[in-house]
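Residue-level structure breakdown
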Amino acid sequence: MPETHLVTGGAGFVGSHLVLALLARGDRVVVLDDLSTGHAAAVPEGAVLITGRIGDPDALARAFAHGPFASVLHFAALSLVGDSMREPYRYLAENAKNGLALIEAAVAHGVTRFVLSSTAALFGAPTTIPIPEDEPIDPGSPYGESKAWLERALIWAERIHGLRSACLRYFNAAGADPGGRLGEDHRPETHLIPLVLDAAAGRRPPLTVFGDDYPTPDGTCIRDYIHVADLAEAHLLALEALTTRSVRYNLGNGTGYSVREVIATAERVTGRRVPHTVGPRRAGDPPVLVASSRRIREELGWAPRYPELETIIAHAWAWRQAHPDGYRQPR
Ligand code: UDP
């Protein structure tokens, strides 16, 4: 039976790919997005777009008027580790306030399933790598802290109101829709892979590598890059699990790549040089973040279709070449 879902941040990178996956299986989707970082053009055809802020009661009411919703999936948030170190109170307040308002509205409208976009940034100085779900939560940045707060709030929402929740801790979302319909377009762009690709294409100045004096084999930070379509698939499985129980999963491929390895792989995929220089460390960056996704593999049978970094970068490159101006139409 088709279901109807509310997706906040459905005009953003990960959110839009999830909307596409929900529509592909025949579900209905209502997107609530203020378009502060998302793009109307990224909302797949067939979804209803409500342009507005979660913090605006009128916008929230307009969105919930399209219910009843089988689930609420919450992607909309301030999400940059570096920014959160410069504006800690804005990150903590905005993400907490919006998340709580949405949880409260979901409960008030009888929603029983809630999916939170959570993050590897919950783990600021992990002691076990790959990081399992029982690693103590100890964020290295206000961004990670704001997501930790919401994970905690969801525990109370279940205890008091019976709202079941899936907290999906994404490691480094990357790639693009393998069908070429959607891609990554942040303004300003701060993520490594799109910056590497634009540097290769000569569309941006050389990349700055943020620090090469970390305790890693080549001195640069190691991250676990996960294909955005594999993330979307994990959300569909989590929705099924939520019919019986709440879940918390770390989501990555279990393989870490350093910044230098990403550059080298991008050079192979694109056949171009990636001009780069080494700069200082970026505040808030842990040296190594690699996920153990054993729990979601074992419990839900999740298996990434695109685990190879080459494929992830190739899909991102294909979309970028087809959309050099991103979602903005060239003048
Ligand atoms: N990074 C970098 N130069 C850049 C952007 C990112 O060296 O211009 C590094 C960053 O320090 C981190 C990794 O690339 O170690 C991934 O950063 P990104 O911002 O893509 O994701 P995050 O890990 O912060 O979620």
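Quick summary incoming for the structure in this document. Computed from a predicted structure; not experimentally measured.

All right, on to the nonpolar core then. Core analysis: the largest hydrophobic core is formed by 33 residues, its most contacted members being Val-7, Leu-22, Leu-73 and Leu-251. At the level of secondary structure, the elements contributing two or more residues to this core comprise helix 1 (13–24), strand 2 (28–33), strand 6 (164–170), helix 7 (228–241), strand 11 (247–251) and helix 9 (294–300). No other element matches the 8 residues that helix 7 contributes to this core. Discounting residues that sit within four places of it in the chain, Leu-73 has contacts with His-5, Leu-6, Val-7, Thr-8, Leu-18, Leu-22, Val-115, His-235 and Leu-239.

This part is about the site of the ligand. Around the ligand there are 15 residues in total, and Leu-192, Thr-208, Phe-210, Arg-282 and Asp-285 lie nearest to it. Between the ligand and Asn-172, the relevant distance is 2.9 Å, taken from an oxygen atom to a side-chain nitrogen or oxygen of the residue. Alone, the ligand offers 510 Å² of accessible surface; in the complex the protein occludes 89% of this. Residue contributions to the shell around the ligand peak at 4 residues, all from strand 8 (residues 207–210). Looking at the shell around the ligand residue by residue, the class counts come to 8 nonpolar, 4 polar and 3 charged.

In space, the 3 strands of this open sheet follow the order 12-9-14, with mixed pairing throughout. Edge positions in the open sheet fall to strand 12 (257–258) and strand 14 (288–289), since each of these has one partner strand only. Looking at chain direction, strand 9 (residues 222–223) and strand 14 are connected through 2 bridges and run parallel. Considered in strand 14, the bridge of Arg-223 is made with Leu-289.

What counts, and at which threshold
- Residues numbered from 1 in each chain as written.
- Predicted model: local features only at pLDDT ≥ 70, side-chain atom pairs only at ≥ 80, totals over all residues.
- Heavy atoms only, no water.
- Core = buried A, V, L, I, M, F, W, Y, C linked by side-chain atoms within 4.5 Å.
- Buried < 20%, exposed > 50% of the residue type's maximum accessible area, 1.4 Å probe, protein only.
- Helix = DSSP H or I, 4+ residues; strand = E, 2+ residues; numbered from the N terminus.
- Contact = heavy atoms within 4.5 Å.
- Near = heavy atom within 4 Å.
- Polar contact = N/O pair within 3.5 Å; in protein donor to acceptor, adjacent residues only side chain to side chain.
- Areas by Shrake-Rupley, 256 points an atom, 1.4 Å probe, with all protein chains shown as cover.
- Nonpolar A, V, L, I, M, F, W, Y, C, P; charged D, E, K, R; others polar.
- Pairing = 2+ DSSP bridges.

By themselves, these are just geometric observations and shouldn't be taken as functional.
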